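What follows is each chain in one-letter form.
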Amino acid sequence: MRFLITAGPTREPLDPVRFISNRSTGKMGFALAQAAAEAGHEVVLVAGPVALETPPGVRRVDIETALEMLAAVERELPAAEVYISCAAVADWRPEVCSPTKLKKHEMAGTLRLVRNPDILKTLRPLKGTRTFIGFAAETGEPDAEATRKLREKGLDMIVANDVTAPGAGFAHDTNRVTLLFPDGHREALPLMTKHEVAQRVIACAQTLATQTE
Ligand code: C5P
């Protein structure tokens, strides 16, 4: 099966040295790519700026901004059967990016931002029989928000986690997630390594993709 996986943060530049980003390290997305490759799948990994090695057998496409991620996913999606969107895409970008470093006196006290496109929603018309899986990182009880996102983005499964729970979320090697499905079925997994979580997610993706073939 052919998997397309996104991972890591995006970086939204203000000028050549400054940017807006988030705390994503890419660990969960890279673990997914590794687990998919280990299970014998073909994997394309679209990665934001992270300090991680490409897992063996994975084709990696590096991007920086949300718009670059959208373009890369648009290009790679037609050849994929499963799309797992694990990236922490920045919701906003600076309205203008200066080609030269802004001097202190050139910077206003407020920053004008514009919304980035939602990549999953933008590509929903291309879904067809493909399996789409999203992630929802929340602070606090994640189920309600994750269910809303599952419906709104037309996903086959969403992986929800409370990023503030002990051992879960950004930069950790472990994660505690709940898998949520459109029919209301949910599966709460115990604290596991990100590699173990990835193996479970890839196994579910495989089952979902086989059902829609
Ligand atoms: O940021 P949010 O909580 O809405 O993310 C939920 C899902 O949507 C994640 O799978 C994320 O990768 C995806 N997403 C996206 N494009 C965005 C923001 C999020 O595809 N601009």
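Calculation notes
- Residues numbered from 1 in each chain as written.
- Predicted model: local features only at pLDDT ≥ 70, side-chain atom pairs only at ≥ 80, totals over all residues.
- Heavy atoms only, no water.
- Helix = DSSP H or I, 4+ residues; strand = E, 2+ residues; numbered from the N terminus.
- Rg over C-alpha atoms; globule rule 2.2 N^0.38 Å.
- Buried < 20%, exposed > 50% of the residue type's maximum accessible area, 1.4 Å probe, protein only.
- Contact = heavy atoms within 4.5 Å.
- Areas by Shrake-Rupley, 256 points an atom, 1.4 Å probe, with all protein chains shown as cover.
- Lys, Arg positive; Asp, Glu negative; His and termini not counted.
- Charge placed at Lys NZ, Arg CZ, Asp CG, Glu CD.
- Expected span 1.5 Å × (residues − 1).
- Arc of directions from axis to C-beta.
- Phe/Tyr/Trp six-rings, centres within 6.5 Å; stacked < 30°, edge-to-face > 60°.
- Lys NZ or Arg CZ within 6 Å of the ring centre and 35° of its normal.
- Axes fitted to C-alpha atoms, helices over the stretch in contact; angles between N-to-C directions.
- Parallel < 35°, antiparallel > 145°, perpendicular 65-115°, else oblique.
- Left-handed = near helix turned anticlockwise from the far one by under 90°.
- Near = heavy atom within 4 Å.
- Polar contact = N/O pair within 3.5 Å; in protein donor to acceptor, adjacent residues only side chain to side chain.
- 1 Å grid on protein atoms, 1.4 Å probe; cavity = no way out; pocket = protein on both sides within 12 Å on 5 of 7 lines; lining within 4 Å.
- Sits in = over half its atoms within 2 Å of the grid points.
- Nonpolar A, V, L, I, M, F, W, Y, C, P; charged D, E, K, R; others polar.

A. Molecular detail of the overall build of the protein. Helices and strands together make up the secondary structure of the protein, namely five helices and 14 strands. A compact globule built from 213 residues should have a C-alpha radius of gyration of about 17 Å, and the protein, at 17 Å, falls within 12% of that. Dimensions of the protein along its principal axes, counting C-alpha atoms only, are 55 × 35 × 30 Å. Taken over 213 residues, the protein has a buried fraction of 48%. Sequence-distant contacts, at least 24 apart, represent 60% of the contacts inside the protein between residues at least 6 apart. Here the protein has roughly 10,700 Å² of accessible surface; of this, 52% comes from carbon and sulfur atoms. Counting 26 positive and 27 negative side-chain charges, the protein places the centres of these two groups 5 Å from one another.

B. Quick peek at helix α5 (residues 194-211). Taking 1.5 Å of rise per residue, 18 residues should cover 26 Å, and α5 covers 26 Å from first to last C-alpha, within 8% of that figure. Every buried residue belonging to α5 is among K194, V197, A198, V201, I202, C204, A205, L208 and A209, and all of these are buried. Within α5, the buried residues cover an arc of 165° as seen down the axis, which keeps them to one side.

C. Just the packing of aromatic side chains, in detail. Applying the stated rule across the entire model yields one aromatic pair. Measuring from centroid to centroid gives 5.1 Å for Y83 and F132, while their planes differ by 90°, and the two rings are edge-to-face. Within this pair, whereas Y83 is found in strand β6 (residues 82-85), its partner F132 is found in strand β9 (residues 131-138), the two being separated by 49 residues in sequence. A residue is classified by how much of its surface remains accessible, and F132, at 0% relative accessible area, is buried. Lying over the aromatic face of F19, R11 brings its terminal NZ or CZ to 4.3 Å of the ring centre. Over the aromatic face of W92 sits the side chain of R115, whose NZ or CZ is 5.0 Å from the ring centroid.

D. Geometry of the packing of helix α1 (residues 27-38) against α5. Contact geometry of α1 with α5 gives a least axis separation of 8 Å together with a crossing angle of 55°. One way to sum up the angle between α1 and α5 is to call them oblique. With respect to the hand of their crossing, α1 and α5 are arranged in right-handed fashion. Of the residues in α5, those in contact with K27, M28, A31, L32, Q34, A35, A36 and E38 of α1 are K194, H195, V197, A198, Q199, V201 and I202.

E. Local environment of helix α4 (residues 143-152). For α4, the set of buried residues is D143, A146, K149 and L150. In an axial view of α4, the angular spread of the buried residues amounts to 125°, which keeps them on one side of the axis. Facing away from the buried side of α4 by over 90 degrees, the exposed positions are A144 and R151. In the core, the buried residues of α4 are packed alongside β9, β10 (157-162), β12 (177-180) and β13 (186-188). Positive backbone phi, at 60°, marks G154, one or two positions downstream of α4.

F. Inspection of the site of the ligand at higher detail. Inspection of the region around the ligand gives S85, A87, V89, P117, D118, I119, L120, G134, F135, K149 and K153 as its neighbouring residues. In this structure, S85 approaches the ligand through a main-chain N or O atom, which is 2.6 Å from an oxygen atom. K153 is positioned such that a nitrogen or oxygen atom in its side chain is 2.8 Å from an oxygen atom of the ligand. Relative to its free-state accessible area of 440 Å², the ligand is covered by the protein chains to the extent of 88%. A molecule is said to occupy a pocket when more than half its atoms come within 2 Å of that pocket's grid points, and by this definition the ligand occupies the largest pocket. In terms of residue class, the shell around the ligand is built from six nonpolar, two polar and three charged.

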